[in-house]
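# Descriptive structure summary
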Amino acid sequence: MTDGRLLVDRLSVDLSALTRIGGRLGSNPAGVYEDAAGQRYYVKETESVAHARNEYLAAMLYQLAGAPTLCYLHSSDPCCIVTRWCELAKKNVQHFSARERAQAQHWFALHCWLANWDAAGFHGDNQAVAVADGRVLTLDSGGALNFRAQGDPKGKAFGKEVHELNTLRQDADNPFAVQLFGAMDDTEVRRSLAVVTGLADRAIEAVILQHHGSEKLVAKMLARKAFMLEW
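Below is a short write-up of the structure.

### Section: the layout of surface pockets
What the largest pocket holds in volume is close to 1200 Å³. In terms of residue class, the lining of the largest pocket is made up of 15 nonpolar, twelve polar and 13 charged.

Given below as structure tokens:
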């Protein structure tokens, strides 16, 4: 997880040297693996290099804003996302305490900015509480930015206007997001908006370009930030 710095282990994990010890925890092909020293990892397969880069970049933007995430590592397979294994105390938003729910709600506008329609998870399982320090973290950022959680491109649905500010609180087809974010009052929403609007444009640009993002994406993310500031 992160304390506000970009949390990326510079180690490149050789997937051929790992032993699979467990199955997937989400809807995508994945598994729990272990190296010779006993360190465990969660390895998720994506459809392409573009999908992996998209997810990795989304995680880096989460971390830029200070949002708790898993620790990301470089992978010998460019189509795979590798994170250090993290023990979880709670794995579903339905089990959160009031304090844990407030933690998750603090990052509401960040999920909106990143167009992470899967922020809460289809089954309420994309937000979890870490055993180590009790912080609520986002487990999977594959549904953010350009692609849906199952890999389909969002196309024009991911534009310069942040409609997620409404849909993540109101869309009946996304019940766990509504359950988590729908009851936020105006003060809580404004406090969450400040997480995004307070980000420096240059910092956003640097993270995007350093992680295989395009100038076009930079322009879109800055436009989305401006939309949120006006909203």
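### A closer look at empty space enclosed by the protein
Unfilled space is identified by rolling a water-sized probe across the atoms. As enumerated under the stated definition, the model contains two cavities of 30 Å³ or more in all. Lining the largest cavity are Ala 67, Pro 68, Trp 107, His 111, Gln 127, Val 136, Leu 137 and Thr 138. With three residues, strand E9 (residues 136-138) is the largest single contributor of residues to the lining of the largest cavity. Broken down by class, the residue content of the lining of the largest cavity amounts to five nonpolar, three polar and no charged. When its volume is computed, the second largest cavity comes out at roughly 30 Å³. Around the second largest cavity, the lining residues are Ala 59, Tyr 62, Thr 69, Tyr 72, Thr 138, Leu 139, Asp 140 and Ser 141. Here the lining of the second largest cavity is built from residues that sort into four nonpolar, three polar and one charged.

### So, the packing of helix H6 (residues 186-197) against helix H8 (residues 215-230)
Where H6 contacts H8, the axes come no closer than 10 Å and their chain directions differ by 150°. When the interaxial angle is binned, H6 and H8 end up roughly antiparallel. At the point where H6 passes H8, the crossing takes the left-handed sense. Two secondary-structure elements touch here, H6 through Leu 193, Val 196 and Thr 197 and H8 through Lys 225, Met 228 and Leu 229. Of the residues contributing to the contact of H6 with H8, the split by class is four nonpolar, one polar and one charged.

### Description of the environment of Pro 175
Looking at where Pro 175 falls in the secondary structure, it is placed in helix H5 (residues 175-181). On the basis of relative accessible area, Pro 175 is assigned to the partly exposed category, the value being 43%. Expressed as a C-alpha distance, the spacing of Pro 175 and Leu 70, which sit 105 residues apart in the sequence, is 24 Å.

The rules behind the values
Residues numbered from 1 in each chain as written. Predicted model: local features only at pLDDT ≥ 70, side-chain atom pairs only at ≥ 80, totals over all residues. Heavy atoms only, no water. 1 Å grid on protein atoms, 1.4 Å probe; cavity = no way out; pocket = protein on both sides within 12 Å on 5 of 7 lines; lining within 4 Å. Points joined across faces, edges and corners; volume = space filled by probe spheres on them. Nonpolar A, V, L, I, M, F, W, Y, C, P; charged D, E, K, R; others polar. Helix = DSSP H or I, 4+ residues; strand = E, 2+ residues; numbered from the N terminus. Axes fitted to C-alpha atoms, helices over the stretch in contact; angles between N-to-C directions. Parallel < 35°, antiparallel > 145°, perpendicular 65-115°, else oblique. Left-handed = near helix turned anticlockwise from the far one by under 90°. Contact = heavy atoms within 4.5 Å. Buried < 20%, exposed > 50% of the residue type's maximum accessible area, 1.4 Å probe, protein only.

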